[in-house]
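Here is how the chains run, residue by residue.
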Amino acid sequence: KALYDVSFGYAVFDARQLTIVGATAGYGRGVAVQNETGQRTYMKMGTGGVGLSLGIGGFDRKIVVLFEDATLFQKFIDNGYDATADAGGMFGDDKETEEIRFVDGRSIFILTKKGWKVSATAAGTKYWKDADLN
């Protein structure tokens, strides 16, 4: 809540990700919102990379990105690339994760449904404007 209160804007995505035999892929849709004006930009996302995963559930995710300033927010809308490496485990409602984000000035939260999942992935995610909705 404290980060949201001082952020310039945020983006929220409903995403699906699946890892099979060393490859990970995902897709999703969302919206970027400028806090002061409420202006919305509808977006899509795609993920690809390599990884190892074992488990049941935890594959549907909600991604929330908070942006520190106007420049970072606009750069995300215009260019939207995020390079990510993560490793984590989730058991029921408990989730332990360590993530590395390569873009400064953003706080990223990944929310998952109940489930059991152990994973290690290195993936790139591309976000872009949804031409049909903007």
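Residues numbered from 1 in each chain as written. Predicted model: local features only at pLDDT ≥ 70, side-chain atom pairs only at ≥ 80, totals over all residues. Heavy atoms only, no water.

Within the protein chain, the secondary structure is distributed over 2 helices and 8 strands. Each helix and strand of the protein chain, placed in order from N terminus to C terminus, yields the pattern α-β-β-β-β-α-β-β-β-β. Classification of the 134 residues of the protein chain by burial places 37% in the buried group. Taking all contacts inside the protein chain whose residues are at least 6 apart in sequence as the whole, residues at least 24 apart take part in 71%. Summed over all atoms, the accessible surface of the protein chain reaches about 7,900 Å², with 59% contributed by carbon and sulfur. (Helix = DSSP H or I, 4+ residues; strand = E, 2+ residues; numbered from the N terminus. Buried < 20%, exposed > 50% of the residue type's maximum accessible area, 1.4 Å probe, protein only. Contact = heavy atoms within 4.5 Å. Areas by Shrake-Rupley, 256 points an atom, 1.4 Å probe, with all protein chains shown as cover.)

Moving on, we come to the pattern of salt bridges. One pass over the full model with this rule turns up 4 salt bridges. Residue Asp14 is joined to Lys62 by a salt bridge in which the shortest nitrogen-to-oxygen separation is 2.8 Å. Residue Asp14 is found in strand β1 (residues 9-20), and its partner Lys62 is found in strand β4 (residues 60-67); the two are separated by 48 residues along the sequence. The exposure class assigned to Asp14 is partly exposed, which follows from its relative accessible area of 31%. Given a relative accessible area of 38%, Lys62 falls into the partly exposed group. In this structure, Asp78 and Lys129 form a salt bridge, with 3.7 Å as the shortest nitrogen-oxygen distance. Residue Asp78 is found in helix α2 (residues 70-78), and its partner Lys129 is found in strand β8 (residues 115-129); the two are separated by 51 residues along the sequence. According to the relative accessible area criterion, Asp78 is partly exposed, its value standing at 46%. (Salt bridge = Lys/Arg side-chain N within 4 Å of Asp/Glu carboxyl O.)

A grouping of Leu3, Val6, Phe109 and Leu111 is seen on the molecular surface, where their side chains present a nonpolar patch of about 380 Å² in accessible area. Elements represented by at least two residues in the nonpolar patch include exactly α1 (2-6) and β7 (106-112). (Patch = residues over 30% accessible without salt bridge, like charges linked within 9 Å, V, L, I, M, F, W, Y side chains within 5 Å.)

Take the packing of aromatic side chains next. Evaluated as defined, the whole model comprises 7 aromatic pairs. With a centroid separation of 5.5 Å and 80° between ring planes, the pair formed by Phe67 and Phe73 is classed as edge-to-face. Among the residues examined, Phe67 registers a relative accessible area of 1% and is labelled buried. Aromatic pair Phe76 and Tyr127: ring centres 4.9 Å apart, planes at 50°, arrangement tilted. Taken together, the residues span a long stretch of sequence, with Phe76 in helix α2 and Tyr127 in strand β8 at a distance of 51 residues. (Phe/Tyr/Trp six-rings, centres within 6.5 Å; stacked < 30°, edge-to-face > 60°.)

A separate point is the nonpolar core. Formed by 15 residues in total, the largest nonpolar core has its most connected members in Ala11, Phe13, Met43, Ile63, Phe76 and Tyr127. Ignoring any residue separated from it by four or fewer positions in sequence, one finds Ala11 in contact with Val31, Ala32, Ile63, Val64, Val65, Phe67 and Phe76. Counting 5 residues, the second largest nonpolar core, distinct from the first, contains Tyr10, Val33, Val64 and Leu66. (Core = buried A, V, L, I, M, F, W, Y, C linked by side-chain atoms within 4.5 Å.)

By the secondary structure assignment, Gly30 is in strand β2 (residues 23-34). Placed 11 residues apart in sequence, Gly30 and Thr41 show a C-alpha to C-alpha distance of 8.6 Å. With sequence-adjacent residues up to four places away left out, Gly30 is seen in contact with Val12, Phe13, Thr41, Tyr42 and Met43.

This is a description of form; function is not addressed.
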